[in-house]
Amino acid sequence: MRSTTLLALLALVLLYLVSGALVFQALEQPGEQHAQRELGEVREKFLSNHPCVSDWDLRVFIKEVADALGGGANPDTNSTSHSNYSAWDLGSAFFFSGTIITTIGYGNVALRTDAGRLFCIFYALVGIPLFGILLAGVGDRLGSSLRRGISHIEAIFLKWHVAPELVRILSAVLFLLIGCLLFVLTPAIVFYCVEDWSKLEAIYFVVVTLTTVGFGDYVAGASPNQKSAAYQPLVWFWILLGLAYFASVLTTIGNWLRAVSRRTRAEMGGFTAQAASWTGTVTARVTQRSGPTAPPPPEKERPLLPPPPCSVEPAGRPPSPAPPEKAEPPSPPTPPTASALDYPSENLAFIDESSDTQSERGCALPRAPRGRRRPPNPSKKPERPRRPGRPRDKDVPV
């Protein structure tokens, strides 16, 4: 990710956080101040009704009660009907362990002993990666099962000659609706009936749990009225399936974004190639209309030598007169108009070919391959005397 993109994303997140802070402050601060005033009124009323209790003793009592509630104590357990209630029975402890490895951490029950805190450190370090592997596997199986079921519905739509693009949109909507029905609406109805919550509170708990926020103000099975030992373990298995579904949804969204990014990159590459070809064609046509121009000079100038003779006559014979040649003015090559030159190597090959056609006018000599520059011809060396009777070699290149 580029630095500018990263900074823009950071600025967007900070702006989102500030806007959320302002909204939550405007919504929650008046309620907090009202609750604080009510607490002060109740405290003053209690002291006026019980003059034997001092203000200091009441403050100490309130602090101890708050610490006990933070440690998981419930004020309703003083009655005889809930005398056997414990926040650390087997079902509750299993649910607490599940909130550790799922990183939800409701906070309604906290560890109070040093041994428990030390064990929690190592337990979380091992359990969180293990649960991540399990979550990936369950999410893959769950997503495959849902997509397999939706594929049958897609086949029915295709038989009805529905457009494939519309079928893809319908399948994505069905995937989201089925998952929300199974893992959001149905558990919310169950919690509404079992926990005696309102509909908003039930949906709020479901969303806060499956997003692993876990405030802890609402926790399933935390009420002393809930006596079933299997209730909270069942809630944890629902959390596992719900997190797997959300992980599958996020994976699908990530794959879709990658596919869109690849398609966009390919389309932009095609547009760039078309623009370059169009620019080259327009430039070539403008060059043709403006008339012939001198070819661009090569990178390194090389001397133009006169054309060598086509053949060498043997010694002792008079040189035969060369046939008269018509003097033709050298014409510069016309630049190509078929397509634009998109690569630097083609441009260099065009320059070398223009130089060769201007320098080679006598006879045809083997020309160097395109794209390579021939070395300059060496200077002519004096001929050594040869013995009589031995014919001199013909067609010796100079």
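Residues numbered from 1 in each chain as written. Predicted model: local features only at pLDDT ≥ 70, side-chain atom pairs only at ≥ 80, totals over all residues. Heavy atoms only, no water.

Q: Got a minute to help me understand the nonpolar core in this structure?
A: Soluble globular proteins tend to pack their nonpolar side chains together in the buried interior. One finds Phe 191, Val 235, Trp 238 and Ile 239 to be the most contacted residues of the largest nonpolar core, which totals 31 residues. Those elements that provide at least two residues to this core are helix H3 (90-101), helix H4 (114-159), helix H5 (164-194), helix H6 (199-210) and helix H7 (231-290). Looking at this core, the element that brings in the most residues is H7, giving 10 residues. When near neighbours in sequence (up to four residues on either side) are disregarded, Val 235 contacts Phe 95, Phe 191 and Ala 220. (Core = buried A, V, L, I, M, F, W, Y, C linked by side-chain atoms within 4.5 Å. Buried < 20%, exposed > 50% of the residue type's maximum accessible area, 1.4 Å probe, protein only. Helix = DSSP H or I, 4+ residues; strand = E, 2+ residues; numbered from the N terminus. Contact = heavy atoms within 4.5 Å.)

Q: I keep staring at the side chain of Thr 99 and nothing clicks. Help me out?
A: In this fold, Thr 99 is placed in helix H3. Taking the relative accessible area as the measure of exposure, Thr 99 reaches 7% and is therefore buried. With sequence-adjacent residues up to four places away left out, Thr 99 is seen in contact with Ile 104, Gly 105 and Tyr 106.

Q: Looking at this structure, I do not really get the packing of aromatic side chains. What am I missing?
A: Two aromatic rings are characterised by how far apart their centres lie and by the angle between their planes. All chains considered together, the criterion is met by 18 aromatic pairs. Seen from their ring centres, Phe 119 and Tyr 123 are 5.5 Å apart, and the 35° between their planes marks the pair as tilted. With Phe 119 and Tyr 123 both in helix H4 and 4 residues apart, this pair spans about one turn of that helix. Assessed through its relative accessible area of 56%, Phe 119 is described here as exposed. Among the residues examined, Tyr 123 registers a relative accessible area of 31% and is labelled partly exposed. Ring centres of Trp 197 and Tyr 218 lie 5.5 Å apart, and the angle between their planes is 80°; on these two criteria the pair is classed as edge-to-face. (Phe/Tyr/Trp six-rings, centres within 6.5 Å; stacked < 30°, edge-to-face > 60°.)

Q: Looking at this structure, how should I read the pattern of salt bridges?
A: For side chains of opposite charge, pairing can occur when their charged atoms come near one another. Counted by the stated rule, this structure contains 4 salt bridges. One continuous salt-bridge network, built from bridges that share partners, spans Arg 43, Glu 44, Asp 55 and Arg 59. (Salt bridge = Lys/Arg side-chain N within 4 Å of Asp/Glu carboxyl O.)

Q: Would you take a moment to explain the confidence of the model for the protein for this structure?
A: Predicted coordinates in regions of low pLDDT should not be interpreted in detail. Taken residue by residue, the protein gives an average pLDDT of 75. The fraction at 70 or more is 68%. Highest mean pLDDT in the protein belongs to H6 (92); lowest belongs to helix H8 (residues 344-359) (41). Contacts from residues 310-316, a stretch scored under 50 in pLDDT, to residues over four places away or in other chains number 5 contacts. Within the model, the stretch residues 335-366 combines pLDDT values under 50 with 46 contacts to residues more than four positions away or in other chains. (pLDDT = per-residue confidence, 0-100.)

Q: Help me understand H3, please; the structure alone is not making it clear to me.
A: The periodicity of an α-helix, 3.6 residues per turn, causes residues three or four places apart in sequence to face the same way. End to end, H3 covers 17 Å across 12 residues, agreeing with the expected 16 Å (1.5 Å per residue, within 8%). Within H3 the residues assigned to the buried category are Gly 91, Ser 92, Phe 95, Phe 96, Gly 98, Thr 99, Ile 100 and Ile 101. Directly beyond the C-terminal end of H3, a positive phi value near 60° is found at Thr 103. (Expected span 1.5 Å × (residues − 1).)

Q: Would you mind showing me how to read the packing of H4 against H5 here?
A: Between two packed helices, the angle of one axis relative to the other and the distance separating the axes together describe the packing. Two elements in contact, H4 and H5, have axes separated by 10 Å at closest approach and are oriented at 135°. Judged on the interaxial angle alone, H5 and H4 are oblique. The interaxial crossing formed by H4 with H5 has right-handed handedness. Contact residues: H4 offers Leu 142, Gly 143, Leu 146, Ile 150, Ile 153, Glu 154, Phe 157 and Leu 158, while H5 offers Val 167, Leu 170, Ser 171, Leu 174, Phe 175, Ile 178 and Phe 183. When the residues that make up the contact of H4 with H5 are grouped by side-chain class, the tally is 12 nonpolar, 2 polar and 1 charged. (Axes fitted to C-alpha atoms, helices over the stretch in contact; angles between N-to-C directions. Parallel < 35°, antiparallel > 145°, perpendicular 65-115°, else oblique. Left-handed = near helix turned anticlockwise from the far one by under 90°. Nonpolar A, V, L, I, M, F, W, Y, C, P; charged D, E, K, R; others polar.)

Q: Which parts of the structure should I look at to understand the packing of H5 against H6?
A: Two elements in contact, H5 and H6, have axes separated by 8 Å at closest approach and are oriented at 130°. When the axes of H5 and H6 are compared, the pair comes out oblique. H5 and H6 meet at a crossing whose hand is right-handed. Each of Phe 183, Val 184, Pro 187, Ala 188, Phe 191 and Tyr 192 in H5 lies in contact with H6, whose residues at this interface are Lys 199, Ala 202, Ile 203, Phe 205, Val 206 and Leu 210.

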